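Structural description and commentary
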Amino acid sequence: MKKIGLIGFGCVGQGLYLLLNSTGYEKAQIKSIAVKSKDKPRIAPNEILRYSADELIDDPEIDIIIEAIDDADAAFDIARKTIVAGKDFITANKKMVATHLEELTALAQLNNVVFRYESAVCGAIPIVQTIDNYFAYEPILSLRGIFNGTSNYILSKIFNEKLEYRVALKQAQDLGFAETDPTADVGGYDPKYKLIILALHAFGVYLANEDVLNFGIDSLNKEDIDFARERNLKIKLVPSIYQIDGKVFGYVLPEFVSEKDNLYQVENEFNGVNIEAGFAGAQFLYGRGAGSFPTASAVASDLDHVVNKRGYFYQKKIKPSTVADDANILIEVYTRFTNEAIQKVLAFENVTEGLFTEDFRQLTGYISLKQLKNVAHILKREKVSIIATGRRKLIGQKTTEKILEQEKRRA
Ligand SMILES: NC(=O)c1ccc[n+]([C@@H]2O[C@H](COP(=O)([O-])OP(=O)(O)OC[C@H]3O[C@@H](n4cnc5c(N)ncnc54)[C@H](OP(=O)(O)O)[C@@H]3O)[C@@H](O)[C@H]2O)c1
């Protein structure tokens, strides 16, 4: 029987401990658990508790390290040491994985260890292994989804119960969905990390954090919500990544979604992923994106793969897609702002709808991804509302029939 060193015993770590006890998993067993604080009451016996992650990594009897701590820098240190020590490694930390994906996958290959991170993307939804394994030989045309339960919970409360943003955020914090500092969730960073991880499995590309545009839901105001409601739309925080003619581009933006879109029905802390594949067509995965047992369930799935020495395929890395030039990607966005100087900053390629009043401007039109990235810091500072309509173009490329069909279906 393999021996596990579990590092971190909070929401995820305890969920895994209880899950393994309850299922009576026979191929591996937790030998030691490392935590930080000596004062907290624990549900595991004292004799297996340790207060140093290194002690577990250095223990020659431990074969597998499972890391579920809340500190991305310390987690990276644990990841490197574990892999270099030749031990298989499972993590739940999306920020750490997304930030160091290229280094860690190379290191794992070099040291011939299995490195898995299913729970880091959409909790219990088996999206990493589905894209990596089931779709290994299938061209992926797009992935779009709701990858962050906290922001989705807030948006659900705003749309379904007419709560104000601040009230909905406070409720999410009181229920333990949102952190005291909610920036990673409501600012669109957390879904961006997940998008970066999926980009490797779906398209074979390593994207850097700073190369992927992310806007959150923190700048949306009542007028934007009313605009959506009047058109029978909802606003969702949607990470999306597209492949057109071998060129890949992705971003995280609030997006208007209509009833015809599967994402319209994804409410509260749930997650959902729309997959558009070249031959299989459209598929939709839906489930719990976080929480103690759902996340532990994804870790347990990784554990069984690791015990059987099954790593990810990374098939798409053999012939990776090219990352598209941002200047050639035009995204249609709705914008709303009070300072008229913002219109120049936005530099629309063309405006498709506009409302000018003495108090504000509300303009919808196509902007290049490059321009949006260049001025994102100004738009965030000025609290400009930015919401994607779901339409986009890749100029200079023969637009594929499939993408046109996809757009028609969603219209
Ligand atoms: N919660 C979810 O639903 C969820 C879903 C998907 C992914 N994740 C990811 O899973 C990871 C863990 O999340 P969580 O919610 O379980 O966190 P959590 O409840 O805050 O628990 C964190 C645990 O890590 C321990 N810890 C922190 N630094 C440590 C260190 N340097 N060495 C040893 N132990 C250390 C803490 O020790 P003490 O107990 O002594 O404080 C605590 O037991 C995060 O990366 C998170 O993003 C969580």
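Provided above is the structure to which this section pertains.
Read on for a plain summary of the structure. (Residues numbered from 1 in each chain as written. Predicted model: local features only at pLDDT ≥ 70, side-chain atom pairs only at ≥ 80, totals over all residues. Heavy atoms only, no water.)

1. Considerations on helix H11 (residues 222-230)
The condition is simple: Relative accessible area decides the class of each residue, using a 1.4 Å probe on protein chains only: under 20% of the type maximum gives buried, over 50% gives exposed, and in between gives partly exposed. Secondary structure elements follow DSSP: runs of H or I of four or more residues count as helices, runs of E of two or more count as strands, with numbering from the N terminus. Note that the arc is defined by the directions from the helix axis to the C-beta atoms.
If you check which residues of H11 are buried, you get Asp224, Ile225, Phe227 and Ala228. Along the axis of H11, the buried residues cluster in a sector spanning 155°; they form a single face. Turned more than 90 degrees off the buried face of H11, the exposed positions are Lys222 and Glu230. Positive backbone phi, approximately 55°, marks asparagine 232, located one or two places after H11.

2. Description of the sheet that holds strand S4 (residues 64-67)
Sheet strands pair via backbone hydrogen bonds, and the direction of the pair is either parallel or antiparallel. Defined as follows: Two strands form a pair only when DSSP identifies at least two bridges running between them.
Across the sheet, which stays open at both edges, the 6 strands sit in the order S3-S2-S1-S4-S5-S6 with parallel pairing between neighbours. Of all strands in the sheet, those with a lone pairing partner are strand S3 (49-50) and strand S6 (115-116), marking the two edges. With 2 bridges joining them, strand S2 (residues 28-34) and S3 adopt parallel strand pairing. Bridge pairing links isoleucine 33 to leucine 49 in S3.

3. Focus: a nonpolar patch on the surface
Here is the rule we go by: Each patch groups residues whose relative accessible area exceeds 30% and which form no salt bridge, using 9 Å between like charges and 5 Å between nonpolar side chains of Val, Leu, Ile, Met, Phe, Trp and Tyr. Residue exposure ignores everything except the shown protein chains as possible cover, and the areas themselves are Shrake-Rupley values with a 1.4 Å probe. A pair is scored as a salt bridge if a Lys or Arg side-chain nitrogen falls within 4 Å of a carboxyl oxygen belonging to Asp or Glu.
Residues Leu18, Ile43 and Phe293 make up a contiguous nonpolar surface patch of roughly 270 Å² in combined accessible area. Its place among the elements puts leucine 18 in helix H1 (residues 11-23).

4. Comments concerning the environment of tyrosine 314
How we decide: The contact rule is simple, with two residues in contact once any of their heavy atoms fall within 4.5 Å. Nitrogen and oxygen atoms within 3.5 Å of one another constitute a polar contact, given that in protein one can donate a hydrogen and the other can accept it, and given that sequence-neighbouring residues count only through two side-chain atoms.
Structurally, tyrosine 314 can be placed in the loop between helix H12 (292-307) and strand S13 (322-323). A C-alpha to C-alpha distance of 34 Å links tyrosine 314 and histidine 377, two positions 63 residues apart in sequence. Residues in contact with tyrosine 314, not counting those within four places in the same chain, are Thr105, Phe115, Tyr117, Asp132, Leu200 and His201. In terms of polar contacts, tyrosine 314 uses its side chain to reach the side chain of tyrosine 117, at 2.8 Å.

5. A few points about unusual backbone geometry
The phi angle at asparagine 268 is positive, at roughly 55°, despite the residue not being glycine. Following the sequence through the fold, asparagine 268 ends up in the loop between strand S10 (247-257) and strand S11 (270-277). Take asparagine 268: its relative accessible area is 27%, and that puts it in the partly exposed class. Even without glycine at this site, tyrosine 314 takes up a positive phi of about 50°.

Nothing here speaks to function; it is geometry throughout.
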